[in-house]
Amino acid sequence: MKNLKKRLQNGETLHGCWLNTGSSLTAEIVGLAGFDWVLIDLEHGAGSEKDVLYQLQALEHTPTAAIVRVESSESQRIHRVLDMGAEGVMCPKILNPEGAQKLVQGLHYPPFGGRGVAKMVRATGFGQHFQEYYENSRASILGIAQIETVEVLNHLDAVAHTDGVDVLFIGPADLSMELGIFGQFDHPTFREAVRETCEAARKAGKAVGILFFNTREYTAYHELGIRFIACGSDATFVAEGARTMAKKLNELRPTI
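Here is a short report on the structure shown in this document.

What counts, and at which threshold
In this numbering scheme, every chain counts its residues from 1 along its sequence in written order. Local features are withheld for residues below a pLDDT of 70 in this predicted model, meaning they are given only at 70 or higher, and side-chain atom pairs are given and counted only at 80 or more; totals for whole chains, interfaces and linings count all residues. With hydrogens and water excluded, all non-hydrogen atoms of the structure serve as input to the side-chain values. Runs of H or I in DSSP of at least four residues are treated as helices and runs of E of at least two as strands, each being numbered from the N terminus. Partly exposed residues are those whose accessible area sits between 20% and 50% of the maximum for their type, while under 20% is buried and over 50% is exposed, using a 1.4 Å probe and protein chains only. Note on definitions: a residue-residue contact is assigned when non-hydrogen atoms from the two residues lie within 4.5 Å. The pairing test for Phe, Tyr and Trp rings, Trp by its six-membered ring, is centres within 6.5 Å, and the orientation test on the planes gives stacked under 30 degrees, edge-to-face over 60, and tilted for anything in between. Lining residues are those with an atom within 4 Å of a point, where the points come from a 1 Å grid over the protein atoms alone and group into cavities, where a 1.4 Å probe fits but cannot get out, or pockets, open sets with protein on both sides within 12 Å along at least five of seven lines. Grid points are joined across faces, edges and corners, and a volume is the space filled by probe spheres set on the points. All residues other than Ala, Val, Leu, Ile, Met, Phe, Trp, Tyr, Cys, Pro, Asp, Glu, Lys and Arg, Gly among them, are scored as polar; the first ten of these are nonpolar and the last four charged. N or O atoms within 3.5 Å of each other form a polar contact, as long as, within protein, one can give a hydrogen and the other can take it, and as long as residues adjacent in sequence are counted only when both atoms are side-chain atoms.

## Some details on the environment of Phe 190
Right, on to step 1. Take Phe 190: it is sitting in helix H10 (residues 188-204).
Right, on to step 2. Residue Phe 190 is classed as buried on the basis of its relative accessible area of 0%.
Right, on to step 3. In this structure, the C-alpha to C-alpha distance between Phe 190 and Gly 180, residues 10 residues apart in sequence, is 9.7 Å.
Right, on to step 4. Beyond its immediate stretch of four places on either side in the chain, Phe 190 contacts Ile 170, Pro 172, Leu 175, Ser 176, Leu 179, Ile 181, Gln 184, Phe 185 and Tyr 221.

Here you go:
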């Protein structure tokens with residue numbers, strides 16, 4: 001484990017990005033680039049659970065911690081990626097305290113949750129250090145609840161106070177869509193939802209995260225107290241690099 005949870009509890013600002021191509025090679029490249037964490041996206045990404053394993057293996061020797069966004073809070077989805085070695089799990093569209101508790105149930109072994117016990121898995125060194133993993137997992141595994149619906153805005157305090165939820169992660173696209181102001185991240189209604197999320201997290205002693213694609217937004221979000229910051233993805237890095245190079249070459253192309 002690479003101490004993401006402890007670093008957040010110590011007040012550090014942690015930088016990450018999305019991995020949505022399903023490629024172990026881009027995972028390794030991004031993992032060596034200097035991010036604190038990356039998120040392997042099973043909800044919208046191109047990869048499958050099998051690809052998650054290869055990406056986790058590729059990230060193992062990098063300084064970057066690996067989080068997986070599962071498709072739902074079904075315990076089997078959460079157990080599986082944790083057994084593969086994920087250091088945290090993000091769950092989309094948490095609607096209420098019951099949904100937050102369902103996420104936590106999947107994250108932790110009894111008596112704190114309902115995670116099934118399997119010793120011969122990658123997370124435990126295939127049984128070599130199960131006891132150490134078991135004893136440290138509750139203090140190490142990061143639980144991330146996505147805040148991206150109108151409904152959850154009515155339950156922010158309760159979700160934030162759920163033991164085992166460590167980060168309230170704002171999903172700007174879905175949240176702005178639900179609010180009827182898609183993509184208008186400067187709209188007062190969206191800004192108020194962000195402020196309310198930050199306030200609920202502050203009262204509960206939890207962290208807040210957000211994803212954006214323009215670094216000009218960094219300072220404004222950081223000043224609101226957001227410390228778990230993601231910008232960009234492996235797909236955008238490849239696309240932007242390819243477009244930039246093609247443009248440069250086209251500018252140099254001699255006319256006939």
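And the narrative resumes.
## Structural notes on the packing of aromatic side chains
Right, on to step 1. Under the criterion given, the structure shown has 12 aromatic pairs.
Right, on to step 2. Both rings, one in Trp 37 and one in Phe 169, keep their centres 6.5 Å apart while their planes meet at 90°; by these two values the pair is edge-to-face. Pair noted here: Trp 37 is in strand E2 (residues 37-41) and Phe 169 is in strand E6 (residues 167-170), with a separation of 132 residues, a long-range link. Here Trp 37 matches Phe 169 in class, with each residue buried.
Right, on to step 3. Measuring from ring centre to ring centre gives 6.0 Å for Phe 130 and Tyr 134, while their planes differ by 20°; the resulting arrangement is stacked. Highlighted residues: Phe 130 and Tyr 134, both in helix H6 (residues 130-140), separated by 4 residues, approximately one helical turn.
Right, on to step 4. Classification of Phe 130 as buried rests on a relative accessible area of 10%.

## What to know about the layout of surface pockets
Right, on to step 1. Roughly 420 Å³ of volume is contained in the largest pocket.
Right, on to step 2. Among the secondary structure elements, those contributing two or more residues to the lining of the largest pocket are helix H3 (49-59) and H6.
Right, on to step 3. If one sorts the elements of the lining of the largest pocket by residue count, H6 sits on top with 5 residues.
Right, on to step 4. The class makeup of the residues in the lining of the largest pocket is 6 nonpolar, 6 polar and 5 charged.
Right, on to step 5. Quantified by volume, the second largest pocket comes out at close to 360 Å³.
Right, on to step 6. Trp 18, Pro 172, Ala 173, Leu 211 and Phe 213 are, among the 19 residues lining the second largest pocket, the residues nearest its centre.
Right, on to step 7. Elements with a minimum of two residues in the lining of the second largest pocket: helix H9 (172-178) and strand E7 (207-212).
Right, on to step 8. The biggest single contributor to the lining of the second largest pocket is H9, with 3 residues.
Right, on to step 9. When the residues that make up the lining of the second largest pocket are grouped by side-chain class, the tally is 8 nonpolar, 6 polar and 5 charged.

## Digging into the side chain of Thr 26
Right, on to step 1. Tracing the backbone through its elements, the reader meets Thr 26 in helix H2 (residues 24-31).
Right, on to step 2. Within the structure, the side chain of Thr 26 is placed 3.1 Å from the side chain of Thr 21, a separation counted as a polar contact.
Right, on to step 3. A polar side-chain atom of Thr 26 sits 3.1 Å from a polar atom in the side chain of Asp 234.
Right, on to step 4. Each residue touching Thr 26, except ones within four places of it in the same chain, is listed here: Leu 19, Thr 21 and Asp 234.

## Some thoughts on helix H4 (residues 75-84)
Every α-helix winds through 3.6 residues per turn, so residues three or four apart in the chain are directed the same way.
Right, on to step 1. Of all the residues in H4, the buried ones are Ile 78, His 79, Val 81, Leu 82, Asp 83 and Met 84.
Right, on to step 2. Tucked into the core, H4 has its buried residues touching H3, strand E3 (65-69), strand E4 (88-91), helix H5 (97-107) and H6.
Right, on to step 3. At the exit of H4 stands Gly 85, carrying a positive phi of roughly 120°.

## Focus: unusual backbone geometry
Right, on to step 1. Across the junction of Pro 110 and Pro 111, the peptide omega takes the value 10°, indicating a cis bond.
Right, on to step 2. Non-glycine residue Lys 93 carries a positive phi angle of around 50°.
Right, on to step 3. In this fold, Lys 93 is placed in the loop between E4 and H5.
Right, on to step 4. Unusually for a residue other than glycine, Phe 126 sits at a positive phi of about 55°.
Right, on to step 5. Tracing the chain through its elements places Phe 126 in the loop between H5 and H6.

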